Amino acid sequence: GSSSDMEGLDVALAEALAKQLQLKLALLPFDAGENMGDDLRNMVWRGHYLGYGPADVMLNVPADKYLMQQNRQVVIFSPYMRQVPVLLHDAKKLPQVNSTDDLKGHKLAAERGTGTASALIGLGNGLQSSQVSLFTTGVDAALAVLHSEVDGAYVLRSQAEAAIALDKTRQVSPLISALTLNGLPEN
């Protein structure tokens, strides 16, 4: 799609930033790769081998000390949101989640290639990786709960809330529970 049909927090922030700097906004949306360092190189300081970029500003970059030390060609600053992982779950099939033990035997979902997926799949205590279905986006993983395909999805709170707002059929009573798994960076 064109930049005119994109919306969301990052787009609104980019528009406000361009306006403040008295610049014309040109968005360069891209799918995140496997490695944040590669994304920074391709999108910010060198330009992509497919011929686009580099961009002047990149949004939605983790303000991570290690990432900053490894990528001296860029300046990472000013976190503007906190991404909080939660478990969105079906109140009937998975009434409460006090610990990871409550997840045993349940079908779960997560977004492919994310820390939340890695944390869920890497969970010990008898959770089998075969219990975890991976989806293209966290919103899709959350919608799988709302459509009774899985019992719970470990996604970002924003993704869980977006799925609930998108879901018009409401077959499930959704609950959102705080769940911190090992292997995820602290916010």
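Structure's up top.
Quick look at the structure, then. (Residues numbered from 1 in each chain as written. Predicted model: local features only at pLDDT ≥ 70, side-chain atom pairs only at ≥ 80, totals over all residues. Heavy atoms only, no water.)

Another aspect to go through is the overall build of the protein chain. Check the secondary structure of the protein chain and you find 6 helices and 5 strands. For the protein chain, the succession of helices and strands along the chain, N to C, is α-α-α-β-β-α-β-α-β-α-β. Taken along its principal axes, the extent of the C-alpha atoms in the protein chain is 50 × 35 × 30 Å. By sequence separation, contacts in the protein chain at least 24 residues apart represent 58% of the contacts at least 6 residues apart. Per element, the accessible surface of the protein chain, about 11800 Å² overall, is 50% carbon and sulfur. Computing the positive centroid from 15 side-chain charges and the negative centroid from 20, the protein chain places the two 2 Å apart. (Helix = DSSP H or I, 4+ residues; strand = E, 2+ residues; numbered from the N terminus. Contact = heavy atoms within 4.5 Å. Areas by Shrake-Rupley, 256 points an atom, 1.4 Å probe, with all protein chains shown as cover. Lys, Arg positive; Asp, Glu negative; His and termini not counted. Charge placed at Lys NZ, Arg CZ, Asp CG, Glu CD.)

The next subject is the sheet that holds strand β4 (residues 152–156). With respect to topology, 5 strands assemble into an open sheet ordered β3-β2-β4-β1-β5, the strand pairing being mixed. Looking along the sheet, the strands with just one partner apiece sit at the ends: β3 (132–135) and β5 (174–178). Neighbouring strand axes in the sheet, compared pairwise and without regard to direction, differ in orientation by 30° on average. Note that strand β2 (residues 108–111) and β3 share 4 bridges and pair parallel. For glutamate 111, the partnering residue across the bridge sits in β3 and is phenylalanine 135. The sheet strands contacting helix α5 (residues 138–146) are β1 (85–90), β2, β3, β4 and β5, and the helix crosses β4 at an angle near 150°. On top of the sheet, helix α6 (residues 157–166) reaches β1, β2, β4 and β5; it is set at about 120° to β4, its chief contact. (Pairing = 2+ DSSP bridges. Axes fitted to C-alpha atoms, helices over the stretch in contact; angles between N-to-C directions.)

The next thing to look at is helix α2 (residues 36–45). When α2 is considered as a whole, its buried residues turn out to be Gly37, Asp39, Leu40, Asn42, Met43 and Val44. Residues of α2 that are buried sit in contact with α3 (65–70). Looking one or two places after α2, you find glycine 47, whose phi comes out positive at around 100°. (Buried < 20%, exposed > 50% of the residue type's maximum accessible area, 1.4 Å probe, protein only.)

Let us now look at unusual backbone geometry. With a phi angle near 55°, glutamine 22 is a residue other than glycine that sits in the positive phi range. Among the structural elements, glutamine 22 can be located in the loop between α1 (9–20) and α2. With a phi close to 65°, asparagine 60 is a non-glycine residue in the positive phi region. Checked against the element boundaries, asparagine 60 lands in the loop between α2 and α3. By relative accessible area, which is 38% here, asparagine 60 ends up partly exposed.

All told, the structure shown has 4 salt bridges when counted by the stated rule. With a closest N to O distance of 4.0 Å, aspartate 101 and lysine 104 form a salt bridge. (Salt bridge = Lys/Arg side-chain N within 4 Å of Asp/Glu carboxyl O.)

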